[in-house]
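What follows is each chain in one-letter form.
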There are 2 protein chains.
Amino acid sequence: MRKSKNTDQATTAGQRGPAEHERRDQIIQSADEHFRIYGYRKTSVSDLGKAIGVSNAYIYRFFESKQAIGEAICAMTLGRIVDAIQQVSNDKTSATNRIRNLYKVIVEQGLNLFFNEKKLHDIAICAVEEGWSTVRDYKQAKLDVIHKIIADGRDMGEFERKTPIDEVCVAILETLQPFAHPILLQQNEPEILKIRAVAVSNLVLRSLAP
Amino acid sequence: MRKSKNTDQATTAGQRGPAEHERRDQIIQSADEHFRIYGYRKTSVSDLGKAIGVSNAYIYRFFESKQAIGEAICAMTLGRIVDAIQQVSNDKTSATNRIRNLYKVIVEQGLNLFFNEKKLHDIAICAVEEGWSTVRDYKQAKLDVIHKIIADGRDMGEFERKTPIDEVCVAILETLQPFAHPILLQQNEPEILKIRAVAVSNLVLRSLAP
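Everything in this summary refers to the structure shown in the same document. (Residues numbered from 1 in each chain as written. Chains lettered and ligands numbered in written order. Predicted model: local features only at pLDDT ≥ 70, side-chain atom pairs only at ≥ 80, totals over all residues. Heavy atoms only, no water.)

1. Notes on the packing of aromatic side chains
(1) Moving on: Inspection of every chain in the model, using the stated rule, returns eight aromatic pairs over all chains.
(2) Moving on: Between the aromatic rings of Y40 of chain A and W132 of chain A, the centroid separation amounts to 5.4 Å while the plane-to-plane angle is 75°, which identifies the pairing as edge-to-face. With Y40 of chain A in the loop between α2 (22-38) and α3 (45-52) and W132 of chain A in the loop between α7 (118-129) and α8 (133-155), this residue pair connects regions lying 92 residues apart in the sequence.
(3) Moving on: The class for W132 of chain A is buried, based on a relative accessible area of 1%.
(4) Moving on: Relative to F62 of chain B, the ring of Y58 of chain B lies with its centre 5.6 Å away and its plane at 55°, an arrangement referred to as tilted. Both residues of the pair, Y58 of chain B and F62 of chain B, count as buried.
(5) Moving on: Chaining the aromatic ring pairs together yields one cluster made of F35, Y40 and W132 of chain A.
(6) Moving on: Over the ring of Y40 of chain A we find K66 of chain A, and its NZ or CZ is 4.5 Å from the ring centre. (Phe/Tyr/Trp six-rings, centres within 6.5 Å; stacked < 30°, edge-to-face > 60°. Helix = DSSP H or I, 4+ residues; strand = E, 2+ residues; numbered from the N terminus. Buried < 20%, exposed > 50% of the residue type's maximum accessible area, 1.4 Å probe, protein only. Lys NZ or Arg CZ within 6 Å of the ring centre and 35° of its normal.)

2. A closer look at empty space enclosed by the protein
All names here are of chain B.
(1) Moving on: Tallied over the full model, the rule gives one cavity of 30 Å³ or more.
(2) Moving on: Estimated volume of the largest cavity: approximately 40 Å³.
(3) Moving on: Contributing to the lining of the largest cavity are L78, I81, I106, G110, F114, Y138, F179 and A180.
(4) Moving on: Of all the secondary structure elements, the ones that give two or more residues to the lining of the largest cavity are α5 (66-90), α6 (95-116) and α9 (165-180).
(5) Moving on: With three residues, α6 is the single largest residue contributor to the lining of the largest cavity.
(6) Moving on: Among the residues making up the lining of the largest cavity, the classes are represented as seven nonpolar, one polar and no charged. (1 Å grid on protein atoms, 1.4 Å probe; cavity = no way out; pocket = protein on both sides within 12 Å on 5 of 7 lines; lining within 4 Å. Points joined across faces, edges and corners; volume = space filled by probe spheres on them. Nonpolar A, V, L, I, M, F, W, Y, C, P; charged D, E, K, R; others polar.)

Shown next as structure tokens:
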């Protein structure tokens, strides 16, 4: 699979030592397993060290803290969502369809992540509550995707051009929140969320009419 | 001050004994003070009993649990927001202005509650996380306000009438979430939230154009 932009960025926050290193990959893999099984909060750096047979100090050569490992895993996970929505924005279909699909994919990917991989949900909530850089990167990636679709729709004459494009994009980003935010996703029934995502995408499309 | 609809509903969830009773008012007042100063989670029924000089058993004659007291306080607090948005919906101004004011008032009231009365924010998060009935009532009150404004706007020819009104109202309710949800309010700068609320209300108004 193509590495997502977010996956690449994962190699920056709180990480050190050689970027390409077998041990780094081992730590990431072990952390991914531990976080899925036991959850982020309940996993310690010692647990990871024991699992791959190295000392805590050795792990700290690659990651400055448990959070740095968490950010790497979180960036990989959110990177998969980013890949999916970037694919939507590049689809060879009308901008109108792409807006619809954006809401559809965001809610599906979120539900998949937060319901099927419940323990990874734990790390996403931590990321949001503690303001990890991965959350900012994810938000920016969503904004870039929205911007591309709106710009294409304006070029094709599908969408109005009077409103400043940045205002439109920021507003659309906000309307995605109920379907992208891990805490809000948790508080609603999946089927209800899907219906509401369609209602909101319809509202947004009416607002974009030329 | 006129009692809000939500304040009235507060006398139903988990409450018992005579509705009008000096002791009930004392318990509510003491709880309100304790929750503001120490927060909901850190206040026990014993703390309230000690403060007004009655036993826990006596308090349980009026409220079946600490949550029931919490729901009463939460309903009073959210009742103030409901009063404010109901006032917006009844204003003698265009439906367009009322939509703008709805977003403005929701974000202002939310910020006021969650920043100035930080400890009451604690109880709102509990209410959301544990799915208290007050949260459902608050959601319904917002939906009723939206419905009234949209129906008025359709009657006056300000808004389109093709889309089913229930779909429009549910979608607008979702777009209010980033400005009404206690956890989302906490995660953003107040000034940024206000600007985004304007951007979203503009998007919604474009979607309502006939």
